[in-house]
Amino acid sequence: MTDQNKPVSLFKDYLEVAEPYKGGKTIDEIKTNKSKIYKLSSNENPIGASPKAVEAIKNHLENLHIYPDRTDKRLRSALYNFYEEAIDESQFIGASSGSEIIDHIARAFAGVGCEVIVSNPCFKPYDMFSSWCGSKVVDVPLLAPNFQLDVDNIIAAINDKTRIIFLTSPNNPTGTHIPKGDIDRLLAKIPEHVVVVLDEVYYHFADAEDYVSAMPYVKEGYNVIGVNSFSKTYGLAAMRIGYGYTTKKLADYIHTICKPFLIDALSLEAGIAALGDKAFVELTVKTVKEGRKYLYGEMDRLGVKYWKSQANFILIKPEISPESFESIMLQEGVMVRPVGNFGAPGCIRVSVGTQEANEAFVAALEKVYLPKLTT
Ligand SMILES: Cc1ncc(COP(=O)(O)O)c(C=O)c1O
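Bear in mind the structure is a predicted one, so any value in this text is a computation, not a measurement.

Across its full length, the protein chain carries 13 helices and 13 strands. Its C-alpha atoms give the protein chain a radius of gyration of 21 Å, near enough to 21 Å, the size a compact globule of 375 residues would have. Its C-alpha atoms put the protein chain at 65 × 60 × 45 Å along the principal axes. A buried classification covers 54% of the 375 residues belonging to the protein chain. Counted over contacts in the protein chain with a minimum sequence separation of 6, partners at least 24 positions apart contribute 74%. In the form shown here, the protein chain has an accessible surface area of approximately 17,600 Å², with 54% of it arising from carbon and sulfur atoms.

See the structure below:
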């Protein structure tokens, strides 16, 4: 015993309460009699992976017995060129995924006695990774009915213990973006001991006029970290590669806790090649934007409640429970994602797929909505 009442424990209190993350299911986990399954549950790229990345992987299959580059140096150098030398090479941080960057940030800045602000509904790992470091997570929910950032209440929630504010634009699972004016207003009130993370893994799909990425703020020297991934637009979800970028001071600090050999050789080659695959990115973005438009039209026809999206997925609110909705979609061979655990109870997130997949989703939607229209 250390003190009167508390026995010494092997376990950390804050990890004993943590729940493991329930990620999206794989196709193999699904039991249905349909021969074809459309996976619209994990916001993957509808048209596959960047062909240039696939080619690069094939060209590097030899030497798998040799350790990869110890550092993220080659990825940083490729990013420096990709962003047309907007910031210094040393300001990028490469990692084995966007999630890993979020973990780096949590480990670098959060901890016991610290607070982290999130705005639900949002990507669950912000909360999880911060809690795993012992931080208290403070939720300042997005505002109903259209999920705007509650800038005033975020500012009000900042105190001496606050270290990180996680923002996402476009946001998962709502698909909404944070207008530049809101980010400007928030950044004007951020003290030096707080870092603002702007997760922009869906940025390629955003076309709102007032959309802004982290780059201009990083260039101006704000405590802002942009988070990015190769899983979405480049179609490399299976490879696990991502990156962040920030001021030199913060990047140097985060680099001190980056594990050696973090990015495997094939993911590194794939990521670097994908950055140069402009044609694939254009086709992906075109497919998603056309798919979004088609789905809006069909959902309007059927009377589905949904929110317009700046990403490659759409949030909908069915009139039946998300469990029943998911199960009807599965019977029709379409996988969708209930997002109650992202802070959006009663809602479903559906990824924009190929035209064939989108039509399969609409056909499945008709099973739920057409009977209502015809009665
Ligand atoms: C908002 C957001 N950030 C980060 C990620 C992490 O992407 P990954 O770990 O696949 O790079 C995701 C993945 O779905 C996401 O939706």
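Counted under the stated rule, the structure contains 16 aromatic pairs. A centroid spacing of 5.6 Å and a plane angle of 50° characterise the contact between Y83 and Y245, whose relative ring orientation is tilted. Here Y83, found in the loop between α3 (73-82) and β2 (92-95), pairs with Y245, found in strand β8 (residues 242-245); they are 162 residues apart in sequence, far enough to count as distant. Ring centres of Y126 and F166 lie 4.6 Å apart, and the angle between their planes is 5°; on these two criteria the pair is classed as stacked. Residue Y126 is found in helix α5 (residues 125-132), and its partner F166 is found in strand β5 (residues 162-168); the two are separated by 40 residues along the sequence. The exposure class assigned to F166 is buried, which follows from its relative accessible area of 2%. Members of the aromatic cluster, each reached through a chain of ring pairs, are F82, Y83, F92, F230, Y234, Y243 and Y245. A cation over an aromatic ring shows up here: R349 above the ring of F313, its NZ or CZ 5.8 Å from the ring centre.

Contact geometry for helix α2 (residues 51-58) and helix α10 (residues 265-275): axes closest at 8 Å, N-to-C directions at 145°. The interaxial crossing formed by α2 with α10 has right-handed handedness. Between α2 and α10, the residues in contact are K52, A53, A56 and I57 and L266, E269, A270, A273 and A274, respectively. Classifying every residue of the contact of α2 with α10 gives seven nonpolar, no polar and two charged.

The full set close to the ligand counts 15 residues, and S99, D199, Y202, S229 and S231 are the nearest of them. Contacts to the ligand include G98, whose backbone N or O atom sits 2.7 Å from an oxygen atom. Interatomic distance of 3.0 Å between a side-chain N/O atom of K232 and an oxygen atom of the ligand. Relative to its free-state accessible area of 400 Å², the ligand is covered by the protein chains to the extent of 93%. Ranked by residue count, the leading element in the shell around the ligand is helix α4 (residues 98-109), at three residues. For the shell around the ligand, a count of residues per class yields five nonpolar, seven polar and three charged.

This part covers the sheet that holds strand β7 (residues 224-229). Ordered in space as β2-β8-β7-β6-β5-β3-β4, the seven strands form an open sheet in which the pairing is mixed. Each having just a single partner strand, β2 and β4 (136-139) make up the two edges of the open sheet. Averaged over all neighbouring strand pairs, the angle between strand axes comes to 20°, with direction disregarded. As defined by bridge partners, strand β3 (residues 115-118) adjoins β4 across four bridges and the pair is classed as parallel. When the sheet's bridge partners are listed, V118 is paired in β4 with D139. On top of the sheet, α3 reaches β2 and β8; it is set at about 130° to β2, its chief contact. Contacts from α4 reach β2, β5, β6 (195-199), β7 and β8, with the element oriented near 150° to β7.

Definitions and limits used
- Residues numbered from 1 in each chain as written.
- Predicted model: local features only at pLDDT ≥ 70, side-chain atom pairs only at ≥ 80, totals over all residues.
- Heavy atoms only, no water.
- Helix = DSSP H or I, 4+ residues; strand = E, 2+ residues; numbered from the N terminus.
- Rg over C-alpha atoms; globule rule 2.2 N^0.38 Å.
- Buried < 20%, exposed > 50% of the residue type's maximum accessible area, 1.4 Å probe, protein only.
- Contact = heavy atoms within 4.5 Å.
- Areas by Shrake-Rupley, 256 points an atom, 1.4 Å probe, with all protein chains shown as cover.
- Phe/Tyr/Trp six-rings, centres within 6.5 Å; stacked < 30°, edge-to-face > 60°.
- Lys NZ or Arg CZ within 6 Å of the ring centre and 35° of its normal.
- Axes fitted to C-alpha atoms, helices over the stretch in contact; angles between N-to-C directions.
- Left-handed = near helix turned anticlockwise from the far one by under 90°.
- Nonpolar A, V, L, I, M, F, W, Y, C, P; charged D, E, K, R; others polar.
- Near = heavy atom within 4 Å.
- Polar contact = N/O pair within 3.5 Å; in protein donor to acceptor, adjacent residues only side chain to side chain.
- Pairing = 2+ DSSP bridges.

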